[in-house]
Amino acid sequence: MQMIRRVISQLFFFIFALVLIGLPVASAQEESTAPPRLDLSSAVTDNFPIIRLTVISTDGRSNRLPLPSDLQIIEDGIAIEDSEISSEPLGVDFIFVIDANSNIRSRDDASGLTRQEKVRDSIVLFATEFMSQSQLDSVSIIVPDGDQARFLVEDAMFPNEVINEINFYDPAEIGETPLNEMMSKALDKAEDTTAAGKFQAVLLFSDAGPMGQQLDYDTLVAKAQSLNVPIFGAILGAVADNNEISNMERLSQPTRGIALHMPQAEAIVPIYSTVEGNGEQHIILYRSKINSSGSHEVILESGGSQAGIGFEMEVLSPSVEMALDNSAPITRVADSYDTPLNAANPVNQLVAARVLWPDGNPRDLTEAVFQVDGSDQMSLSDPQIGDDGLLTFDWDISNLGDGTYNLIVRVTDELGLEGVAEALPVSIVLDIPAPPPATVEAPPQVEVEVTQPVEEEASSLANNIGTIGIVIGLLAMMFAVVLVIFAIVLVRRRQTSSQRAVAGSSAAVYADHDATQVIMPAFAAKKAAGAFLEPLENAPDHQGNIPLPGKNVALGRDAKLVQIVFSDKSVSRLHARIVQKGSGYQLYDEGSASGTYLNYEQLSLEPQPLRENDDVHIGRVHLRFHLAQAVGDDDATQVMQAGPIRSPGAAPPVAPSEPIDEDTSTQPYMPLGPQGQSQRQSPGPIDDEDADDISTQPYMPHSPKR
């Protein structure tokens, strides 16, 4: 029983002694004279003009503090008004230095653990309880290697890597360690990794007794202060005397570190908590105003204290390239020869320009101007660049005709830097249909009185000759001439009556045709007889070849508008036109509802040349184009009827036996190709050119009947 009391008494005395010895260390820590730390650890310009600052703010013992409320950001001497402050976990760079001298294997208490094992357990504690599980922390351990220093582990990010290395560390038995070289190596390591912007710290495990003779304090402290690296100290052994405490505090206090006595591994927790708290740092984002390349500086100011950092920037003006294809002109198409210029299509043209950033730093634009021939056409005050890097403008070309125009785009970015594109020439061409031929009415026929001159001549002859016989002979001759003229007139009237009878029975087809007879001299007919149309299908109006009566011949259903008439309802009033140009012929579509097809290809507003045996469809009417030499007597006179033109010698059209369809509307039609396939999509709602009730009924031609 007495033995137990003695042991308890000795244990109580031992604990009391430890408390008394440990008090100076605690009081020394509380009296740290190091000022608070405001440090710009990094400035990242990868997302310029947004600049990212990493700021470390701590008290005199490296405990993390919030940013001061009066903090100001100054860039190249200019205050930045707007900024965004946040926090972000970055991790720490923690460097352990183990002073494994001859006392490292000593056992100081009843736990039976050596100082080396306590250091081991302390580092394992950090790896398991305080090290980032997201591999943000970087841990290095420096140990003696004879008279040199070496890394037991360097930049370890995984806890197991640290644990494995320290568990298997077996220090060699040496006397005094190269402690000054080991501390210098630790600070050099911190200097090499300072660009990462993390909180950095050095922790020295040592019995601290001989440190006063081993270390170059002034050099080590000066370097640690320049790097803003706090040096923490853990004094090994059962007790820590004033000399050991003083030696350790000479490193920790001026560098914002902490020195404590570590009789057991758990005593190191306050240092680990301080280091872990700095794993999350303050982040400041602001929009830079830098608009020139070179060296720049940003400074943080608060209550008279400053922290600054310098960096290099390359800032170049934006580059602009026109992205419009000008290899072919812009063709504006008019529906008719009298269509106003501003109604030709298209009336707008999309113009694109690509904005490039030679310095690799895209930024906002404050203005973009589109110019044509040096004149501003459009100005955007808040232009938006697409994901493809393109800036687009809607160019109004409604009042522009044939010509070449120079396009330019000029931009200004948020830094006030300008970029101008090289002028791009773009041509515009107008496509306007030819005007219809002027209508010329035949001059009225003058009736010549034949009887009066003959009678006067007979009277004159009778007076001159004075003989009754001669008078009678002349009268007989005159009577014969009159009979011949009367017979000719009678025959022609009967032919005209026959034609009118046929026209009357086909009134639904020819109701609006004029009966004017156009007298064409033989020499004119000969010149116009260089080509003709062979009717193949759906042309009952024409029983034979159809000669082209002029150089500009209109085809359609309305005799008032055309020279060659087809009564089929799929034919528009003014459907197509054949124009002779030189020795050749061209086929035009006049905006018909069914369309005009040449060899089963629908015509656009562009004319197409006609060649021998070309197939032509106007609605359901199927024709074949032929070239032929003109024949006939130069002295003969050719009479062209104002109604549908028929081949020479063709019989007149026969009136239909079934009831006449009173619907005079046009039925649009779309031809089928040689294989029976449609050459275009079926027509939608018809916008016929006929202003009255005569609308087109669509029709599509089929394969030709050979």
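Everything below is about the structure printed above this text.
Note that the structure is predicted; figures quoted are calculated from it, not measured.

Novice: So what's going on with the packing of helix α2 (residues 115-130) against helix α3 (residues 159-167)? Residues and values would help.
Specialist: Packing of α2 against α3 leaves a shortest axis separation of 9 Å and a crossing angle of 170°. Regarding the angle of α2 to α3, the classification is roughly antiparallel. Each of Arg120, Ile123, Val124, Ala127 and Thr128 in α2 lies in contact with α3, whose residues at this interface are Pro159, Val162, Ile163, Ile166 and Asn167. Counted by class, the contact of α2 with α3 contains seven nonpolar, two polar and one charged residues.

Novice: I'd like a description of the pattern of salt bridges, backed by residues and values.
Specialist: If you walk through the whole model with that rule in mind, you get 19 salt bridges. The residue Lys189 makes a salt bridge to Glu154 at a minimum N-O spacing of 3.0 Å. Of the two residues, Lys189 is situated in helix α4 (residues 179-192) and Glu154 in strand β8 (residues 148-156); the sequence distance between them amounts to 35 residues. By relative accessible area, Lys189 is classed as buried at 10%. Several salt bridges share partner residues, and in doing so they unite Asp108, Arg115 and Asp207 into one network.

Novice: How would you sum up the packing of aromatic side chains? Please name residues and give values.
Specialist: Counted under the stated rule, the structure contains 13 aromatic pairs. With a centroid separation of 6.2 Å and an interplanar angle of 90°, the aromatic rings of Phe94 and Tyr272 are classed as edge-to-face. On the criterion of sequence distance, the pair formed by Phe94 in strand β6 (residues 92-98) and Tyr272 in helix α8 (residues 269-277) is long-range, its members being 178 residues apart. One exposure class covers both Phe94 and Tyr272, and it is buried. Considering the side-chain rings of Phe96 and Phe205, the 6.0 Å spacing of their centres and the 15° angle between planes classify their relative orientation as stacked.

Novice: Tell me about the environment of Ser604, and name the residues and values.
Specialist: Checked against the element boundaries, Ser604 lands in the loop between β32 (601-602) and β33 (608-610). Between the C-alpha atom of Ser604 and that of Asp589, which follows or precedes it by 15 residues, the distance is 7.2 Å.

Novice: Could you give an account of the sheet that holds strand β1 (residues 37-44), with specific residues and numbers?
Specialist: Strand order across the open sheet formed by four strands is β1-β2-β12-β5, with antiparallel pairing between neighbours. Every interior strand has two partners, whereas the edge strands, β1 and β5 (84-89), have only one. Strand-to-strand twist of the sheet, defined as the mean angle between neighbouring strand axes without regard to direction, takes the value 30°. Sheet analysis places strand β2 (residues 50-58) next to strand β12 (residues 280-287), joined by six bridges and oriented antiparallel. Bridging across to β12, Thr54 finds its partner in Ile283.

Novice: Can you explain the pairing of strand β13 (residues 294-302)? Please cite residues and give values.
Specialist: Note that strand β3 (residues 72-75) and β13 share four bridges and pair antiparallel. Across the sheet, residue Glu75 finds its bridge partner in β13, namely Val298. Of the strand pairs in this sheet, β13 and strand β14 (residues 305-313) are connected by nine bridges, and their pairing is antiparallel. Among the inter-strand pairings, Gly294 is bridged to a residue of β14, identified as Met313. Hairpin connection, β13 to β14: the antiparallel pair is bridged by two residues, and Gly303 has positive phi, about 55°.

Novice: Describe the nonpolar core, with residues and values.
Specialist: Counting 38 residues, the largest nonpolar core has Phe96, Ile141, Leu203 and Phe205 as the members making the most contacts within it. When contributions to this core are tallied by element, the ones reaching two or more residues are β6, α2, β7 (138-145), β8, α3, β9 (199-206), β10 (231-235) and α8. If one sorts the elements of this core by residue count, α2 sits on top with six residues. Setting aside chain neighbours within four positions, we find Ile141 in contact with Phe96, Ile98, Ile123, Arg150, Phe151, Leu152, Val153 and Val162.

Cut-offs applied
- Residues numbered from 1 in each chain as written.
- Predicted model: local features only at pLDDT ≥ 70, side-chain atom pairs only at ≥ 80, totals over all residues.
- Heavy atoms only, no water.
- Axes fitted to C-alpha atoms, helices over the stretch in contact; angles between N-to-C directions.
- Helix = DSSP H or I, 4+ residues; strand = E, 2+ residues; numbered from the N terminus.
- Parallel < 35°, antiparallel > 145°, perpendicular 65-115°, else oblique.
- Contact = heavy atoms within 4.5 Å.
- Nonpolar A, V, L, I, M, F, W, Y, C, P; charged D, E, K, R; others polar.
- Salt bridge = Lys/Arg side-chain N within 4 Å of Asp/Glu carboxyl O.
- Buried < 20%, exposed > 50% of the residue type's maximum accessible area, 1.4 Å probe, protein only.
- Phe/Tyr/Trp six-rings, centres within 6.5 Å; stacked < 30°, edge-to-face > 60°.
- Pairing = 2+ DSSP bridges.
- Core = buried A, V, L, I, M, F, W, Y, C linked by side-chain atoms within 4.5 Å.

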